[in-house]
Amino acid sequence: MILRGIGWGGMPEHMVADHIRNGTLALLDPESWDGLDHMPTLDIVVAHRQDRPLGPVAQWIFDQLKDTPR
């Protein structure tokens, strides 16, 4: 999704080094995040179709996100 221009995110450097080098991706290194010295906590929204149950991996991810304290 990041390579398609949909948002931004943190990735391990070894996975994106070639893309940064060739200009496909840009490295973001802000001095602050809205006055903070670290990236702020972001809300996550999970959506899925009600007429199809989640598969085992998707269900596990959903449970992990749901049970993560804020």
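This text goes with the structure placed above it.
Rules behind the numbers
As a convention, each chain's residues are numbered from 1 in the sequence order in which they are written. Where totals are concerned, whole chains, interfaces and linings use all residues; where local detail is concerned, this predicted model gives features only for residues with pLDDT of at least 70, and gives and counts side-chain atom pairs only at 80 or more. Note that the side-chain values use all heavy atoms of the structure and ignore hydrogens as well as water. The secondary structure listing takes helices from DSSP runs of H or I that are at least 4 residues long and strands from runs of E that are at least 2 residues long, numbered from the N terminus. Each residue's exposure class comes from its accessible area (1.4 Å probe, protein chains only) as a fraction of the maximum for that residue type: buried when under 20%, exposed when over 50%, partly exposed otherwise. The Shrake-Rupley method, run with a 1.4 Å probe sphere, supplies the accessible areas, and residue values consider only the shown protein chains as cover. By the counting scheme adopted, Arg and Lys are positive, Glu and Asp are negative, and His together with the chain ends is not counted. Think of each charge as sitting on NZ of Lys, CZ of Arg, CG of Asp or CD of Glu. One side-chain nitrogen of Lys or Arg within 4 Å of one carboxyl oxygen of Asp or Glu is enough to make a salt bridge. Here a cavity is any set of points on a 1 Å grid over the protein atoms alone where a 1.4 Å probe fits but cannot get out, and a pocket is any open set with protein on both sides within 12 Å along at least 5 of 7 lines; a residue lines the site when it has an atom within 4 Å of a point. Grid points are joined across faces, edges and corners, and a volume is the space filled by probe spheres set on the points. All amino acids are sorted into three groups, where Ala, Val, Leu, Ile, Met, Phe, Trp, Tyr, Cys and Pro are nonpolar, Asp, Glu, Lys and Arg are charged, and the leftover types, Gly among them, are polar.

A look at the overall build of the chain
Counting its secondary structure elements, the chain contains two helices and zero strands. For the chain, the residues scored as buried account for 3% of the 70 residues in total. If you sum the accessible surface of the chain, you get close to 6,800 Å²; carbon and sulfur atoms cover 57% of it. Side chains of the chain carry 6 positive and 10 negative charges; the gap between the two charge centres is 14 Å.

Concerning the pattern of salt bridges
Tallied over the full model, the rule gives two salt bridges. The residue D18 makes a salt bridge to R21 at a minimum N-O spacing of 2.3 Å. With D18 and R21 both in helix α1 (residues 13-22), this residue pair falls three residues apart, about one helical turn. The two residues D18 and R21 agree in class, both being exposed. Note that D51 and R49 form a salt bridge whose closest N and O atoms lie 2.6 Å from each other. Note on D51: relative accessible area 55%, which makes it exposed. Residue classification places R49 among the partly exposed positions, given a relative accessible area of 45%.

Observations concerning the environment of G9
In this structure, G9 sits in the segment before α1. Under the relative-accessibility criterion, G9 is labelled partly exposed at 40%. When the C-alpha positions of G9 and F62 are compared, they lie 19 Å apart, and in sequence the two are 53 residues distant.

What to know about the layout of surface pockets
One number sums up the size of the largest pocket: a volume of about 400 Å³. Around the largest pocket, the lining is made up of 16 residues, and of these G9, G10, A26, L27 and L28 lie nearest the centre. Its residues assigned to classes, the lining of the largest pocket comprises twelve nonpolar, two polar and two charged.

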